Amino acid sequence: MIQLFVFVTIMACKWKKQATTTPMDVPEPVREAIEKQICAELHAQYLYNAMGACMQAQNLPGMAYWMYDQAKEEEEHAFRLLEFLTLKGVPVRFLTNEKPEAEWWNDPIDAFKAALQHEKKVTAMINELDAKIRQYDAADPHLGIDKLLKWFHEEQQEEEESVGKTIEMLEKCRADGNPLQSVDKAIAKLRS
Ligand SMILES: [Fe+2]
Ligand SMILES: [Fe+2]
């Protein structure tokens, strides 16, 4: 009897993470806009991995760690959007992704500046996504779009601040006449 109870409890926990048996009616424009954003987040993951690889090849392990860790976060962003659809029983159509904009930055400060520009571009994309799909949440709050968008707005603000702070550290280091290697470990610690 106890074994049966344990089995039922485990299955109930697993079931909670499964999609609903009946797909929710997610409007097509919402699905399309979210699929496009999934592609953008995975592109950001690709870009940060390219930056990480560049830093690693320049013997800057701290900055490489910063970039690789950010790449993981971008993948998490993509999954947050993916699960918004899949947990409603809606499959995801993956779009063709593009190569990173560059694969080499001679100066690590330029890589972080490119990262900041990219984050600003993504912030603009989130604003567009918001403008395009919020009307559907007003029509059906059970879709949960409002909550999802709020999370992304806050995340973008945090990411822009985080990259900006790192650029400030690097520029101060250079202005003080120190090699960028001297601040490398400190940059890794910003993410712990
Ligand atoms: Fe992101
Ligand atoms: Fe980002």
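Source: prediction; values computed, not measured. (Residues numbered from 1 in each chain as written. Chains lettered and ligands numbered in written order. Predicted model: local features only at pLDDT ≥ 70, side-chain atom pairs only at ≥ 80, totals over all residues.)

Caption draft 1: The overall build of the chain, seen in detail. When helices and strands are counted, the chain shows 6 helices and 0 strands. Going from the N terminus to the C terminus, the chain shows its helices and strands as α-α-α-α-α-α. In the chain, buried positions account for 27% of the 192 residues. Residue pairs at least 24 apart in sequence account for 76% of intrachain contacts in the chain once pairs closer than 6 positions are excluded. (Helix = DSSP H or I, 4+ residues; strand = E, 2+ residues; numbered from the N terminus. Buried ≥ 20, exposed ≤ 12 C-beta atoms within 10 Å, placed from the backbone. Contact = placed C-beta atoms within 7 Å.)

Caption draft 2: Broad picture of the packing of helix α5 (residues 145-175) against helix α6 (residues 181-189). Relative orientation of the contacting elements α5 and α6 amounts to 160°, with a least axis distance of 10 Å. One element, α5, and the other, α6, form an angle in the roughly antiparallel class. The chirality of how α5 crosses α6 is right-handed. Residues Thr166, Met169, Leu170 and Cys173 of α5 form the contact with α6, whose participating residues are Ser182, Val183, Ala186 and Ile187. (Axes fitted to C-alpha atoms, helices over the stretch in contact; angles between N-to-C directions. Parallel < 35°, antiparallel > 145°, perpendicular 65-115°, else oblique. Left-handed = near helix turned anticlockwise from the far one by under 90°.)

Caption draft 3: The arrangement of the nonpolar core in detail. In this structure, Tyr48, Met51, Met55, Met63, Ala64, Met67 and Ala111 are the most contacted members of the largest nonpolar core, which totals 23 residues. Looking at this core, the element that brings in the most residues is helix α2 (residues 28-57), giving 8 residues. When near neighbours in sequence (up to four residues on either side) are disregarded, Met55 contacts Leu60, Met63, Ala64, Met67, Pro108 and Ala111. Formed by 13 residues, the second largest nonpolar core is a distinct cluster that contains Leu42, Ala78, Leu143 and Ile145. (Core = buried A, V, L, I, M, F, W, Y, C linked by C-beta atoms within 7 Å.)

Caption draft 4: Just α2, in detail. Compared with an ideal rise of 1.5 Å per residue, which puts 30 residues at 44 Å, α2 spans 44 Å between its outermost C-alpha atoms and is within 8% of the ideal. Looking one or two residues past α2, Asn59 carries a phi angle of roughly 55°, positive in sign. (Expected span 1.5 Å × (residues − 1).)

Caption draft 5: Local environment of unusual backbone geometry. Within the chain, Asn59 stands out as a residue other than glycine whose phi angle is a positive 55°. Assignment of secondary structure puts Asn59 in the loop between α2 and α3 (61-86).

Caption draft 6: Structural view of the confidence of the model for the chain. With 88% of its residues at a pLDDT of at least 70, the chain reaches an overall mean of 91. α3 holds the highest mean pLDDT among the elements of the chain, 98, whereas helix α1 (residues 2-17) holds the lowest, 50. (pLDDT = per-residue confidence, 0-100.)

Caption draft 7: Expanded view of the packing of α2 against helix α4 (residues 108-139). Relative orientation of the contacting elements α2 and α4 amounts to 170°, with a least axis distance of 11 Å. The angle between the axes of α2 and α4 places the two elements in the roughly antiparallel class. Contact residues: α2 offers Pro29, Val30, Ala33, Gln37, Ala40, Ala44, Leu47, Met51, Cys54 and Met55, while α4 offers Pro108, Ala111, Ala115, His118, Val122, Met125, Leu129, Lys132, Ile133 and Tyr136. Tallied by class, the residues present in the contact of α2 with α4 amount to 17 nonpolar, 2 polar and 1 charged. (Nonpolar A, V, L, I, M, F, W, Y, C, P; charged D, E, K, R; others polar.)

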